[in-house]
Every structure is written in C-alpha cells, then in structure tokens.
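Chain residues, written in single-letter form:
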Amino acid sequence: MQEDKESIFDACDTVKMCLKVFAPMVDTMTVREDNLRKAAQEGFINATDLADYLVRKGLPFRTAYKISGALVARCIAEGTVLEALPLETYRDFSPLIDTDVYAAIDLRTCVEKRVSYGGPTKASVEAQIAYVRRALDAKGD
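Given the structure is predicted, the values throughout are model-derived calculations rather than measurements.

It is worth spelling out the packing of helix H3 (residues 47-56) against helix H4 (residues 61-78) at this point. In the contact formed by H3 and H4, the axes pass within 8 Å of each other and the chain directions differ by 140 degrees. The angle between the axes of H3 and H4 places the two elements in the oblique class. Where H3 crosses over H4, the two elements pack in a sense that is right-handed. Side by side, H3 and H4 meet where Ala-47, Leu-50, Ala-51, Asp-52, Leu-54 and Val-55 of the first sit next to Phe-61, Ala-64, Tyr-65, Ile-67, Ser-68, Leu-71 and Val-72 of the second.

Time to look at a nonpolar patch on the surface. A contiguous nonpolar surface patch, about 580 Å² in accessible area, is contributed by Phe-22, Met-25, Val-26, Met-29, Val-31 and Leu-36. At 3 residues, helix H1 (residues 3-28) tops the list of elements feeding residues into the nonpolar patch. Within the fold, Val-31 resides in the loop between H1 and helix H2 (33-42). Val-31 sits in the exposed class, given a relative accessible area of 57%.

For the rest of this paragraph, the subject is the nonpolar core. By size, the foremost hydrophobic cluster in this structure holds 20 residues, and its most contacted members are Leu-50, Leu-82 and Tyr-90. Elements represented by at least two residues in this core include exactly H3, H4, helix H5 (87-93) and helix H6 (101-104). Setting aside residues up to four positions removed in sequence, Leu-50 forms contacts with Ser-68, Leu-71, Leu-82, Tyr-90, Val-101 and Ile-105.

Before going further, it helps to spend a moment on the confidence of the model for the protein chain. Looking at the protein chain, the pLDDT average stands at 93 and 99% of residues meet or exceed 70. Looking across the protein chain, the model is least confident in H2, with a mean pLDDT of 87, and most confident in H6, with 98.

Next up on the list: the packing of aromatic side chains. As enumerated under the stated definition, the model contains 2 aromatic pairs in all. Ring centres 5.9 Å apart and planes at 35 degrees place the aromatic pair Phe-61 and Tyr-65 in the tilted group. Here Tyr-65 and Phe-61 lie together in helix H4, a separation of 4 residues that amounts to about one turn. The exposure class assigned to Tyr-65 is exposed, which follows from its relative accessible area of 53%. Residues Tyr-90 and Tyr-102 carry aromatic rings whose centres are separated by 5.9 Å and whose planes lie at 85 degrees to one another, so their mutual orientation is edge-to-face. Of the two residues, Tyr-90 is situated in helix H5 and Tyr-102 in helix H6; the sequence distance between them amounts to 12 residues.

Definitions and limits used
- Residues numbered from 1 in each chain as written.
- Predicted model: local features only at pLDDT ≥ 70, side-chain atom pairs only at ≥ 80, totals over all residues.
- Heavy atoms only, no water.
- Axes fitted to C-alpha atoms, helices over the stretch in contact; angles between N-to-C directions.
- Helix = DSSP H or I, 4+ residues; strand = E, 2+ residues; numbered from the N terminus.
- Parallel < 35°, antiparallel > 145°, perpendicular 65-115°, else oblique.
- Left-handed = near helix turned anticlockwise from the far one by under 90°.
- Contact = heavy atoms within 4.5 Å.
- Patch = residues over 30% accessible without salt bridge, like charges linked within 9 Å, V, L, I, M, F, W, Y side chains within 5 Å.
- Areas by Shrake-Rupley, 256 points an atom, 1.4 Å probe, with all protein chains shown as cover.
- Salt bridge = Lys/Arg side-chain N within 4 Å of Asp/Glu carboxyl O.
- Buried < 20%, exposed > 50% of the residue type's maximum accessible area, 1.4 Å probe, protein only.
- Core = buried A, V, L, I, M, F, W, Y, C linked by side-chain atoms within 4.5 Å.
- pLDDT = per-residue confidence, 0-100.
- Phe/Tyr/Trp six-rings, centres within 6.5 Å; stacked < 30°, edge-to-face > 60°.

Here it is as structure tokens:
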C-alpha cells in the first residue's frame with residue numbers, strides 16, 4: 001500500500017517547485033497580444049466554430065466538419081489562416097458560406113461562446129480571479 005503514495009508525494013513536490021517559479025514568472029512577463037493572436041490563428045482553434053457555423057446553415061455536422069478540415073488544409077498549404085481567406089474561397093467549398101462567416105470565426109467570438117464553469121470567457125476568467133482573491137484574502141486573516 002505504500003507504493004501508491006510515492007507518486008502522490010512526487011506530484012506534490014513538483015507542484016510546490018512549480019509554484020515557487022510561477023508567481024515571479026507571471027509577475028515579470030510581458031503579454032504580447034499580437035503574438036497570442038497569431039499563435040491562436042495558426043492553431044486553427046476556430047475550425048470547429050466554422051463547422052458549427054455550417055451546421056447552423058443546415059449542413060450535417062459530418063459534412064461541415066469535412067469542409068472545415070479541407071479549408072484548414074488549404075490554409076496550411078497556402079501559409080494563411082481561416083480569417084484571411086477571401087469569401088470566394090469559402091464559397092468554393094460551400095455556397096452556404098456568406099460574409100457572416102468572419103464574425104462566426106472571429107477568435108474573440110469563439111472564446112466568448114465557450115461558456116462553462118472555469119471556461120475562457122472574459123466573465124468566467126474574472127470570476128475565477130475574484131474567487132482566488134477571496135481565497136487568498138481569507139487565508140491572510
């Protein structure tokens with residue numbers, strides 16, 4: 001029964017070491033929004049949102065997913081991102097796609113649609129920050 005505890009203790013020690021460097025790292029880091037946006041675009045995190053957009057237009061998800069994947073493959077081949085594709089390119093893949101696709105795949109829109117406890121929406125992140133601050137304040141008493 002002692003063998004199972006070794007990995008728990010190791011994990012706790014690792015977390016403690018990470019926490020010692022994490023706070024100073026965050027305290028001194030510089031957030032470069034342009035780099036964040038570029039990394040998010042190149043990761044095609046909005047590809048599922050594109051498929052969801054096509055589903056809302058009436059396509060079955062299986063078909064919408066294939067179209068979205070084909071568009072991502074084209075972007076990779078051309079060294080571009082979904083947001084930069086011209087409408088004509090989108091329409092080559094589906095006549096259902098219209099100018100509203102750009103709002104549907106906007107990264108901010110994609111993040112704000114992910115509403116869940118602990119999720120990435122601005123309101124959720126602010127709630128998480130408030131929770132941690134309250135916990136820290138309570139611990140300081």
